Amino acid sequence: MSDDAVFEFLHSELINYIISQNEGKSKEGKDEDLSNIEYIGFSTGYRIIERLTKEMPRFKDELDTMKFICTDFWSALYKKQIDNLRTNHQGVYVLQDNSFRFLTKLSSGKQYLEVAPRFVAFTCGIIRGSLANLGIGCLVTAEVQNMPSCKFHIQVQRT
Amino acid sequence: MAVCVAIIGKDNSPKYFCCLNPDEELGFQYKVLSSLDVVEEKLNTTNKGTNDLRELYLGMLYSLETHKIYGYVTNTKIKFIIVVDSTNMALRDNEIRSMFRKLHSEYADIVCNPFYIPGDAICSKSFDVNVKNIMTGTV
Amino acid sequence: MSRASTRFDTKKVNSELVTLTYGALVAQMIKDLDNTEDVSKQLERLGYNMGIRLIEDFLAKTGTGRCLDLKDTADKIQSAFRMYLGVQPNVANWSAAGDEFSFILDSNPLTDLVELPDELKNLKYCNIICGVIRGALEMVQLDVQSWIVQDQLKGDQNTEVRVKFIRRLEDAMPAGED
(Lines give C-alpha, C1' and ligand atoms only; values in the text may rest on other atoms or scores of the structure.)
Protein backbone atom coordinates (compact mmCIF):
# COMPACT_ATOMS: atom_id res chain seq x y z
CA MET A 1 0.00 0.00 0.00
CA SER A 2 1.58 3.19 -1.05
CA ASP A 3 -0.62 5.72 0.53
CA ASP A 4 -1.00 7.17 3.99
CA ALA A 5 -4.41 8.52 3.07
CA VAL A 6 -6.06 5.14 3.51
CA PHE A 7 -4.87 4.80 7.10
CA GLU A 8 -5.80 8.42 7.93
CA PHE A 9 -9.32 7.97 6.63
CA LEU A 10 -9.75 4.54 8.19
CA HIS A 11 -8.67 6.00 11.53
CA SER A 12 -11.20 8.84 11.19
CA GLU A 13 -14.02 6.51 10.21
CA LEU A 14 -13.16 4.21 13.08
CA ILE A 15 -13.53 7.12 15.49
CA ASN A 16 -16.81 8.18 13.88
CA TYR A 17 -18.16 4.65 14.11
CA ILE A 18 -17.32 4.27 17.80
CA ILE A 19 -18.70 7.71 18.68
CA SER A 20 -21.94 6.97 16.87
CA GLN A 21 -22.21 3.64 18.67
CA ASN A 22 -21.75 5.50 21.95
CA GLU A 23 -24.61 7.85 21.11
CA GLY A 24 -26.88 4.87 20.98
CA LYS A 25 -26.19 4.08 24.61
CA SER A 26 -27.11 6.52 27.37
CA LYS A 27 -24.21 8.64 28.47
CA GLU A 28 -24.05 10.20 31.89
CA GLY A 29 -20.67 11.73 32.44
CA LYS A 30 -19.12 14.46 30.34
CA ASP A 31 -16.18 12.29 29.33
CA GLU A 32 -16.62 10.30 26.19
CA ASP A 33 -16.18 6.59 26.33
CA LEU A 34 -13.16 6.07 24.14
CA SER A 35 -12.30 2.66 25.52
CA ASN A 36 -13.40 0.84 22.37
CA ILE A 37 -11.13 3.01 20.24
CA GLU A 38 -8.33 2.27 22.67
CA TYR A 39 -9.08 -1.43 22.52
CA ILE A 40 -8.90 -1.50 18.72
CA GLY A 41 -5.51 0.18 19.07
CA PHE A 42 -4.49 -2.37 21.69
CA SER A 43 -5.39 -5.28 19.46
CA THR A 44 -3.54 -3.74 16.51
CA GLY A 45 -0.44 -2.93 18.57
CA TYR A 46 -0.33 -6.38 20.11
CA ARG A 47 -0.37 -8.05 16.71
CA ILE A 48 1.86 -5.69 14.82
CA ILE A 49 4.66 -5.93 17.35
CA GLU A 50 4.81 -9.69 16.78
CA ARG A 51 5.61 -9.09 13.14
CA LEU A 52 7.93 -6.16 13.69
CA THR A 53 10.13 -7.89 16.27
CA LYS A 54 10.43 -11.14 14.34
CA GLU A 55 13.89 -10.47 13.00
CA MET A 56 15.16 -8.46 15.92
CA PRO A 57 17.50 -9.60 18.67
CA ARG A 58 16.17 -9.76 22.20
CA PHE A 59 15.74 -6.49 24.12
CA LYS A 60 18.19 -5.94 26.94
CA ASP A 61 15.80 -4.33 29.40
CA GLU A 62 12.76 -2.10 29.78
CA LEU A 63 14.55 1.08 28.77
CA ASP A 64 15.87 -0.61 25.66
CA THR A 65 12.30 -1.56 24.74
CA MET A 66 11.08 2.02 25.33
CA LYS A 67 13.82 3.38 23.11
CA PHE A 68 12.72 1.01 20.38
CA ILE A 69 9.15 2.29 20.69
CA CYS A 70 10.41 5.87 20.39
CA THR A 71 12.61 5.29 17.38
CA ASP A 72 12.03 2.41 14.96
CA PHE A 73 8.48 1.71 16.00
CA TRP A 74 7.28 5.31 15.94
CA SER A 75 9.07 5.95 12.62
CA ALA A 76 7.46 2.96 11.01
CA LEU A 77 3.97 3.95 12.12
CA TYR A 78 4.07 7.72 12.33
CA LYS A 79 6.87 8.65 9.96
CA LYS A 80 9.02 10.29 12.58
CA GLN A 81 10.69 9.52 15.87
CA ILE A 82 9.47 10.60 19.26
CA ASP A 83 10.96 14.01 19.95
CA ASN A 84 11.58 13.59 23.64
CA LEU A 85 11.67 10.67 26.06
CA ARG A 86 11.74 11.26 29.80
CA THR A 87 11.68 8.75 32.60
CA ASN A 88 12.00 8.67 36.33
CA HIS A 89 13.66 5.23 36.06
CA GLN A 90 10.92 3.87 38.23
CA GLY A 91 8.45 2.79 35.62
CA VAL A 92 7.08 6.12 34.42
CA TYR A 93 7.89 7.28 30.90
CA VAL A 94 6.75 10.36 29.02
CA LEU A 95 6.96 10.32 25.23
CA GLN A 96 6.58 13.66 23.54
CA ASP A 97 5.68 14.02 19.89
CA ASN A 98 5.72 17.65 18.77
CA SER A 99 3.90 17.02 15.57
CA PHE A 100 1.59 14.10 16.12
CA ARG A 101 0.33 12.69 12.85
CA PHE A 102 -3.36 12.69 13.69
CA LEU A 103 -3.40 16.13 15.23
CA THR A 104 -1.64 17.96 12.43
CA LYS A 105 -4.79 17.81 10.33
CA LEU A 106 -6.77 19.69 12.95
CA SER A 107 -6.03 23.36 13.16
CA SER A 108 -3.83 24.35 16.04
CA GLY A 109 -6.33 26.57 17.75
CA LYS A 110 -8.01 25.86 21.03
CA GLN A 111 -11.37 24.98 19.54
CA TYR A 112 -10.46 21.41 18.72
CA LEU A 113 -8.84 20.68 22.05
CA GLU A 114 -12.04 19.06 23.25
CA VAL A 115 -12.06 16.43 20.56
CA ALA A 116 -8.32 15.84 20.59
CA PRO A 117 -8.65 12.87 23.01
CA ARG A 118 -10.52 10.98 20.28
CA PHE A 119 -7.54 11.18 18.00
CA VAL A 120 -5.01 9.94 20.50
CA ALA A 121 -7.00 7.06 22.00
CA PHE A 122 -6.07 4.65 19.23
CA THR A 123 -2.37 5.41 19.64
CA CYS A 124 -2.55 4.97 23.42
CA GLY A 125 -3.95 1.54 22.65
CA ILE A 126 -1.23 0.71 20.15
CA ILE A 127 1.46 1.57 22.70
CA ARG A 128 -0.27 -0.41 25.43
CA GLY A 129 -0.83 -3.42 23.15
CA SER A 130 2.74 -3.49 21.88
CA LEU A 131 4.25 -3.23 25.34
CA ALA A 132 1.84 -5.84 26.69
CA ASN A 133 2.99 -8.36 24.09
CA LEU A 134 6.61 -7.59 24.96
CA GLY A 135 5.87 -8.50 28.55
CA ILE A 136 5.48 -4.96 29.91
CA GLY A 137 2.03 -4.37 31.33
CA CYS A 138 1.21 -0.70 31.58
CA LEU A 139 -1.34 2.10 31.51
CA VAL A 140 -1.08 4.67 28.77
CA THR A 141 -2.72 8.06 28.78
CA ALA A 142 -2.25 11.09 26.56
CA GLU A 143 -2.02 14.76 27.29
CA VAL A 144 -2.69 17.38 24.63
CA GLN A 145 -2.06 20.96 25.59
CA ASN A 146 -0.71 22.64 22.51
CA MET A 147 -1.79 21.03 19.29
CA PRO A 148 -0.26 19.33 17.35
CA SER A 149 2.08 18.41 20.16
CA CYS A 150 1.13 15.44 22.32
CA LYS A 151 2.57 13.68 25.35
CA PHE A 152 2.01 9.99 26.04
CA HIS A 153 2.34 8.95 29.68
CA ILE A 154 3.27 5.34 30.23
CA GLN A 155 2.96 3.87 33.69
CA VAL A 156 4.48 0.43 33.92
CA GLN A 157 2.62 -1.86 36.26
CA ARG A 158 4.96 -3.85 38.36
CA THR A 159 3.46 -7.09 39.63
CA MET B 1 12.99 -33.64 10.11
CA ALA B 2 11.25 -32.86 13.38
CA VAL B 3 9.03 -35.33 15.16
CA CYS B 4 7.30 -32.86 17.40
CA VAL B 5 6.66 -29.14 17.62
CA ALA B 6 5.18 -27.16 20.49
CA ILE B 7 4.27 -23.53 20.99
CA ILE B 8 4.06 -22.36 24.58
CA GLY B 9 2.55 -19.03 25.55
CA LYS B 10 3.84 -16.35 27.88
CA ASP B 11 2.28 -17.90 30.94
CA ASN B 12 3.78 -21.28 30.04
CA SER B 13 0.47 -22.68 28.91
CA PRO B 14 0.58 -24.69 25.69
CA LYS B 15 -0.93 -23.00 22.64
CA TYR B 16 -0.17 -25.59 20.05
CA PHE B 17 1.19 -29.10 19.94
CA CYS B 18 1.86 -31.26 16.94
CA CYS B 19 3.32 -34.71 16.86
CA LEU B 20 3.92 -36.68 13.67
CA ASN B 21 3.42 -39.94 15.49
CA PRO B 22 0.24 -39.81 17.59
CA ASP B 23 1.36 -42.72 19.83
CA GLU B 24 4.28 -40.79 21.16
CA GLU B 25 2.26 -37.66 21.85
CA LEU B 26 1.82 -38.00 25.61
CA GLY B 27 5.46 -38.83 26.17
CA PHE B 28 6.58 -35.85 24.16
CA GLN B 29 4.20 -33.47 25.89
CA TYR B 30 5.85 -34.39 29.17
CA LYS B 31 9.35 -33.94 27.78
CA VAL B 32 8.46 -30.60 26.21
CA LEU B 33 6.98 -29.21 29.40
CA SER B 34 10.00 -30.27 31.41
CA SER B 35 12.29 -28.57 28.92
CA LEU B 36 10.64 -25.27 29.80
CA ASP B 37 12.75 -25.22 32.97
CA VAL B 38 15.87 -25.25 30.86
CA VAL B 39 14.45 -22.40 28.77
CA GLU B 40 13.89 -20.30 31.91
CA GLU B 41 17.40 -21.05 33.03
CA LYS B 42 18.89 -19.96 29.74
CA LEU B 43 16.87 -16.75 29.73
CA ASN B 44 17.90 -15.87 33.24
CA THR B 45 21.64 -16.29 32.95
CA THR B 46 22.51 -12.68 32.25
CA ASN B 47 26.16 -13.05 33.08
CA LYS B 48 27.11 -14.81 29.90
CA GLY B 49 28.28 -12.84 26.87
CA THR B 50 25.63 -10.37 25.73
CA ASN B 51 25.64 -11.79 22.22
CA ASP B 52 24.26 -15.12 23.36
CA LEU B 53 21.43 -13.48 25.18
CA ARG B 54 20.35 -11.30 22.27
CA GLU B 55 19.68 -14.24 19.99
CA LEU B 56 16.20 -15.65 19.84
CA TYR B 57 17.49 -19.16 19.11
CA LEU B 58 18.50 -20.92 22.31
CA GLY B 59 20.14 -23.96 20.84
CA MET B 60 19.86 -27.45 22.20
CA LEU B 61 18.05 -27.54 25.51
CA TYR B 62 18.87 -31.10 26.33
CA SER B 63 19.45 -34.40 24.73
CA LEU B 64 17.81 -37.72 25.48
CA GLU B 65 18.82 -41.16 24.32
CA THR B 66 16.64 -41.08 21.29
CA HIS B 67 15.81 -37.42 20.81
CA LYS B 68 17.21 -33.92 21.02
CA ILE B 69 15.20 -30.92 22.13
CA TYR B 70 15.78 -27.39 20.82
CA GLY B 71 14.33 -24.10 21.97
CA TYR B 72 13.63 -20.60 20.66
CA VAL B 73 11.99 -17.70 22.47
CA THR B 74 10.56 -14.67 20.72
CA ASN B 75 10.73 -11.09 21.94
CA THR B 76 7.11 -11.50 22.85
CA LYS B 77 7.94 -14.34 25.24
CA ILE B 78 6.44 -17.07 23.09
CA LYS B 79 8.43 -20.30 23.26
CA PHE B 80 8.89 -22.68 20.38
CA ILE B 81 10.16 -26.18 21.08
CA ILE B 82 11.25 -28.64 18.41
CA VAL B 83 11.98 -32.28 19.11
CA VAL B 84 14.23 -34.06 16.67
CA ASP B 85 15.11 -37.72 16.29
CA SER B 86 18.71 -38.33 17.39
CA THR B 87 19.32 -40.86 14.69
CA ASN B 88 18.82 -38.16 12.11
CA MET B 89 22.46 -37.09 11.99
CA ALA B 90 22.07 -35.11 8.83
CA LEU B 91 20.14 -32.32 10.55
CA ARG B 92 22.51 -29.46 11.19
CA ASP B 93 22.21 -26.45 13.43
CA ASN B 94 21.45 -24.19 10.48
CA GLU B 95 18.52 -26.30 9.47
CA ILE B 96 17.08 -26.23 12.96
CA ARG B 97 17.44 -22.45 13.03
CA SER B 98 15.70 -22.23 9.70
CA MET B 99 12.82 -24.39 10.96
CA PHE B 100 12.41 -22.06 13.92
CA ARG B 101 12.38 -19.03 11.68
CA LYS B 102 9.68 -20.53 9.49
CA LEU B 103 7.70 -21.48 12.56
CA HIS B 104 8.05 -17.95 13.88
CA SER B 105 6.79 -16.61 10.54
CA GLU B 106 3.78 -18.89 10.67
CA TYR B 107 3.05 -17.84 14.21
CA ALA B 108 3.34 -14.14 13.34
CA ASP B 109 0.88 -14.75 10.52
CA ILE B 110 -1.69 -16.45 12.70
CA VAL B 111 -1.49 -13.64 15.25
CA CYS B 112 -2.58 -11.25 12.52
CA ASN B 113 -5.87 -13.05 12.02
CA PRO B 114 -8.35 -10.68 13.68
CA PHE B 115 -10.47 -13.64 14.73
CA TYR B 116 -7.66 -15.30 16.64
CA ILE B 117 -7.51 -14.12 20.24
CA PRO B 118 -3.90 -14.24 21.43
CA GLY B 119 -3.73 -16.47 24.46
CA ASP B 120 -6.12 -19.03 23.02
CA ALA B 121 -5.06 -22.35 21.65
CA ILE B 122 -4.36 -22.27 17.92
CA CYS B 123 -6.90 -24.23 15.90
CA SER B 124 -6.37 -23.27 12.31
CA LYS B 125 -6.32 -25.92 9.61
CA SER B 126 -3.95 -24.01 7.37
CA PHE B 127 -1.59 -23.54 10.31
CA ASP B 128 -1.58 -27.31 10.88
CA VAL B 129 -0.72 -27.96 7.28
CA ASN B 130 2.06 -25.38 7.22
CA VAL B 131 3.61 -26.65 10.44
CA LYS B 132 3.56 -30.24 9.22
CA ASN B 133 5.31 -29.10 6.05
CA ILE B 134 7.99 -27.37 8.10
CA MET B 135 8.43 -30.47 10.23
CA THR B 136 8.83 -32.81 7.31
CA GLY B 137 11.05 -30.38 5.48
CA THR B 138 8.78 -30.04 2.49
CA VAL B 139 8.72 -26.28 2.73
CA MET C 1 18.59 8.13 20.56
CA SER C 2 20.89 7.48 17.68
CA ARG C 3 19.48 4.23 16.34
CA ALA C 4 18.94 4.27 12.59
CA SER C 5 15.31 4.35 11.67
CA THR C 6 15.65 2.48 8.40
CA ARG C 7 15.09 -0.90 9.96
CA PHE C 8 11.53 -1.35 8.78
CA ASP C 9 10.01 -1.16 5.34
CA THR C 10 7.58 1.70 5.99
CA LYS C 11 5.28 0.88 3.10
CA LYS C 12 4.90 -2.68 4.27
CA VAL C 13 4.30 -1.62 7.84
CA ASN C 14 1.68 0.90 6.75
CA SER C 15 -0.07 -1.81 4.81
CA GLU C 16 -0.01 -4.15 7.80
CA LEU C 17 -1.27 -1.33 10.00
CA VAL C 18 -4.32 -0.86 7.77
CA THR C 19 -4.95 -4.61 7.60
CA LEU C 20 -4.72 -5.07 11.36
CA THR C 21 -6.73 -1.96 12.22
CA TYR C 22 -9.46 -2.97 9.79
CA GLY C 23 -9.49 -6.47 11.27
CA ALA C 24 -9.78 -5.16 14.81
CA LEU C 25 -12.59 -2.82 13.71
CA VAL C 26 -14.50 -5.70 12.10
CA ALA C 27 -14.06 -7.76 15.27
CA GLN C 28 -15.42 -4.83 17.31
CA MET C 29 -18.44 -4.45 15.03
CA ILE C 30 -19.20 -8.13 15.41
CA LYS C 31 -19.26 -7.61 19.16
CA ASP C 32 -21.49 -4.55 18.87
CA LEU C 33 -24.01 -5.70 16.30
CA ASP C 34 -26.06 -8.84 16.48
CA ASN C 35 -25.79 -10.35 13.08
CA THR C 36 -23.38 -10.57 10.17
CA GLU C 37 -25.90 -8.91 7.86
CA ASP C 38 -25.75 -5.69 9.93
CA VAL C 39 -21.99 -5.82 10.14
CA SER C 40 -21.72 -6.19 6.36
CA LYS C 41 -24.02 -3.17 5.90
CA GLN C 42 -22.04 -1.14 8.41
CA LEU C 43 -18.79 -1.96 6.61
CA GLU C 44 -20.33 -0.76 3.36
CA ARG C 45 -21.40 2.48 5.00
CA LEU C 46 -17.94 2.97 6.45
CA GLY C 47 -16.49 2.40 3.02
CA TYR C 48 -18.92 4.93 1.56
CA ASN C 49 -17.73 7.60 4.02
CA MET C 50 -14.13 6.82 3.16
CA GLY C 51 -14.88 6.83 -0.55
CA ILE C 52 -16.23 10.35 -0.59
CA ARG C 53 -12.95 11.55 0.90
CA LEU C 54 -10.63 9.27 -1.03
CA ILE C 55 -11.95 10.57 -4.34
CA GLU C 56 -10.85 14.12 -3.44
CA ASP C 57 -7.45 12.82 -2.53
CA PHE C 58 -7.26 10.80 -5.75
CA LEU C 59 -8.29 13.71 -7.96
CA ALA C 60 -5.84 16.01 -6.23
CA LYS C 61 -2.96 13.55 -6.54
CA THR C 62 -3.55 12.47 -10.13
CA GLY C 63 -4.96 15.70 -11.56
CA THR C 64 -7.21 13.54 -13.67
CA GLY C 65 -10.06 15.05 -15.68
CA ARG C 66 -13.59 13.91 -16.37
CA CYS C 67 -14.14 10.34 -17.43
CA LEU C 68 -15.40 9.85 -20.97
CA ASP C 69 -17.37 6.70 -20.35
CA LEU C 70 -17.79 3.81 -17.95
CA LYS C 71 -14.74 2.02 -19.29
CA ASP C 72 -12.65 5.09 -18.54
CA THR C 73 -14.10 5.16 -15.04
CA ALA C 74 -13.19 1.51 -14.57
CA ASP C 75 -9.62 2.23 -15.61
CA LYS C 76 -9.35 5.11 -13.16
CA ILE C 77 -10.64 2.96 -10.31
CA GLN C 78 -8.11 0.34 -11.32
CA SER C 79 -5.29 2.84 -10.82
CA ALA C 80 -6.84 3.92 -7.54
CA PHE C 81 -6.63 0.30 -6.37
CA ARG C 82 -2.97 0.37 -7.23
CA MET C 83 -2.41 3.66 -5.49
CA TYR C 84 -4.25 2.92 -2.28
CA LEU C 85 -4.16 -0.82 -1.86
CA GLY C 86 -1.03 -1.64 -3.83
CA VAL C 87 -2.77 -4.25 -5.97
CA GLN C 88 -3.82 -4.24 -9.61
CA PRO C 89 -7.19 -5.88 -10.25
CA ASN C 90 -8.31 -7.06 -13.66
CA VAL C 91 -11.33 -5.36 -15.15
CA ALA C 92 -13.49 -8.06 -16.70
CA ASN C 93 -16.91 -9.61 -17.17
CA TRP C 94 -18.51 -6.66 -18.92
CA SER C 95 -22.24 -7.09 -19.41
CA ALA C 96 -23.69 -7.04 -22.91
CA ALA C 97 -25.18 -3.59 -22.35
CA GLY C 98 -21.85 -2.29 -21.13
CA ASP C 99 -23.26 -1.05 -17.84
CA GLU C 100 -21.84 -3.68 -15.51
CA PHE C 101 -18.32 -4.91 -14.93
CA SER C 102 -16.15 -6.60 -12.32
CA PHE C 103 -12.84 -6.04 -10.62
CA ILE C 104 -11.03 -9.32 -10.12
CA LEU C 105 -8.46 -9.30 -7.32
CA ASP C 106 -6.17 -12.26 -6.87
CA SER C 107 -4.71 -10.72 -3.76
CA ASN C 108 -6.17 -8.26 -1.30
CA PRO C 109 -4.16 -6.69 1.50
CA LEU C 110 -7.29 -6.21 3.61
CA THR C 111 -7.81 -9.95 3.83
CA ASP C 112 -4.18 -10.96 4.20
CA LEU C 113 -3.87 -13.63 6.85
CA VAL C 114 -7.56 -13.43 7.76
CA GLU C 115 -9.38 -16.71 8.31
CA LEU C 116 -13.14 -16.46 8.70
CA PRO C 117 -14.42 -18.73 11.47
CA ASP C 118 -17.42 -20.91 10.66
CA GLU C 119 -19.94 -18.84 12.56
CA LEU C 120 -19.10 -15.81 10.42
CA LYS C 121 -19.47 -17.56 7.08
CA ASN C 122 -21.98 -14.98 5.86
CA LEU C 123 -19.86 -11.97 6.65
CA LYS C 124 -18.94 -9.81 3.68
CA TYR C 125 -15.57 -8.89 5.04
CA CYS C 126 -14.56 -6.87 1.96
CA ASN C 127 -17.75 -4.85 1.85
CA ILE C 128 -15.76 -1.75 2.65
CA ILE C 129 -14.43 -1.85 -0.92
CA CYS C 130 -17.97 -1.81 -2.32
CA GLY C 131 -18.75 1.21 -0.15
CA VAL C 132 -15.61 3.05 -1.21
CA ILE C 133 -16.47 2.58 -4.89
CA ARG C 134 -20.05 3.70 -4.36
CA GLY C 135 -19.04 6.78 -2.32
CA ALA C 136 -16.26 7.83 -4.63
CA LEU C 137 -18.38 7.56 -7.78
CA GLU C 138 -21.28 9.41 -6.21
CA MET C 139 -18.98 12.38 -5.77
CA VAL C 140 -18.43 12.42 -9.52
CA GLN C 141 -22.14 12.19 -10.21
CA LEU C 142 -22.37 8.48 -10.91
CA ASP C 143 -24.93 6.41 -9.05
CA VAL C 144 -23.73 2.82 -8.93
CA GLN C 145 -24.38 -0.38 -7.09
CA SER C 146 -21.47 -2.48 -5.95
CA TRP C 147 -21.40 -5.94 -4.45
CA ILE C 148 -19.13 -8.92 -3.84
CA VAL C 149 -19.51 -11.82 -6.24
CA GLN C 150 -16.57 -14.02 -5.26
CA ASP C 151 -14.68 -13.94 -1.99
CA GLN C 152 -11.29 -15.51 -1.34
CA LEU C 153 -12.11 -15.71 2.35
CA LYS C 154 -14.91 -18.09 1.47
CA GLY C 155 -12.74 -20.37 -0.58
CA ASP C 156 -13.11 -18.78 -3.99
CA GLN C 157 -10.14 -18.47 -6.29
CA ASN C 158 -10.33 -14.69 -6.47
CA THR C 159 -12.21 -11.83 -4.93
CA GLU C 160 -14.62 -10.31 -7.43
CA VAL C 161 -16.28 -6.94 -6.87
CA ARG C 162 -19.04 -6.15 -9.33
CA VAL C 163 -20.11 -2.62 -10.24
CA LYS C 164 -23.36 -1.71 -11.97
CA PHE C 165 -24.06 1.72 -13.37
CA ILE C 166 -27.54 2.90 -12.39
CA ARG C 167 -27.77 6.49 -13.58
CA ARG C 168 -25.96 9.75 -13.87
CA LEU C 169 -26.77 12.11 -11.00
CA GLU C 170 -27.75 15.64 -11.88
CA ASP C 171 -25.00 18.15 -11.65
CA ALA C 172 -25.44 20.61 -8.82
CA MET C 173 -24.65 23.50 -11.16
CA PRO C 174 -27.03 24.34 -13.99
CA ALA C 175 -25.84 23.11 -17.35
CA GLY C 176 -25.71 26.51 -18.92
CA GLU C 177 -27.23 29.93 -18.84
CA ASP C 178 -29.45 29.48 -21.84
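Residues numbered from 1 in each chain as written. Chains lettered and ligands numbered in written order. Predicted model: local features only at pLDDT ≥ 70, side-chain atom pairs only at ≥ 80, totals over all residues.

Chemist: For this particular structure, what's the right way to read the overall build of chain A?
Modeler: From N to C terminus, chain A includes four helices and four strands. For chain A, the succession of helices and strands along the chain, N to C, is α-α-α-β-β-α-β-β. Evaluated residue by residue, chain A yields a buried proportion of 42% over its 159 residues. (Helix = DSSP H or I, 4+ residues; strand = E, 2+ residues; numbered from the N terminus. Buried ≥ 20, exposed ≤ 12 C-beta atoms within 10 Å, placed from the backbone.)

Chemist: Explanation requested: the sheet that holds strand S3 (residues 142–150) of chain C in the structure shown.
Modeler: By definition, the strands of a sheet pair up through backbone hydrogen bonds, in either a parallel or an antiparallel sense. All names here are of chain C. Here four strands make up an open sheet; going across it, the order is S1-S2-S4-S3 and the pairing antiparallel. If you trace the sheet from one side to the other, it starts and ends with strand S1 (90–92) and S3, each paired once. The mean angle between the axes of side-by-side strands here comes to 25°, regardless of whether they run parallel or antiparallel. With six bridges joining them, strand S2 (residues 100–105) and strand S4 (residues 159–168) adopt antiparallel strand pairing. Paired with Glu100 across the strands is Lys164, a residue of S4. Here helix H4 (residues 127–139) sits on the sheet and contacts S3 and S4; the angle it forms with S3, its principal contact strand, is near 165°. (Pairing = 2+ DSSP bridges. Axes fitted to C-alpha atoms, helices over the stretch in contact; angles between N-to-C directions. Contact = placed C-beta atoms within 7 Å.)

Chemist: Honestly, the pairing of strand S3 (residues 57–63) of chain B in this entry has me stumped. Any pointers?
Modeler: Moving residue by residue along a regular strand, the side chains alternate between the two faces of the sheet. Residue and element names in this part refer to chain B. One ladder, built from five bridges, connects S3 with strand S4 (residues 67–73); its direction is antiparallel. Paired with Tyr62 across the strands is Ile69, a residue of S4. Connecting the antiparallel pair S3 and S4 is a turn made up of three residues.

Chemist: Whenever I open this one, the packing of helix H2 (residues 35–52) of chain A against helix H4 (residues 116–133) of chain A confuses me. Can you help?
Modeler: A pair of packed helices is captured by two measures, namely the crossing angle of their axes and the spacing between those axes. Residue and element names in this part refer to chain A. The interhelical angle for the contact between H2 and H4, taken along N-to-C directions, is 40°, at an axis separation of 6 Å. In terms of orientation, H2 lies oblique with respect to H4. Handedness of the H2/H4 crossing: right-handed. For the contact of H2 with H4, the residue count by class is twelve nonpolar, nine polar and four charged. (Parallel < 35°, antiparallel > 145°, perpendicular 65-115°, else oblique. Left-handed = near helix turned anticlockwise from the far one by under 90°. Nonpolar A, V, L, I, M, F, W, Y, C, P; charged D, E, K, R; others polar.)

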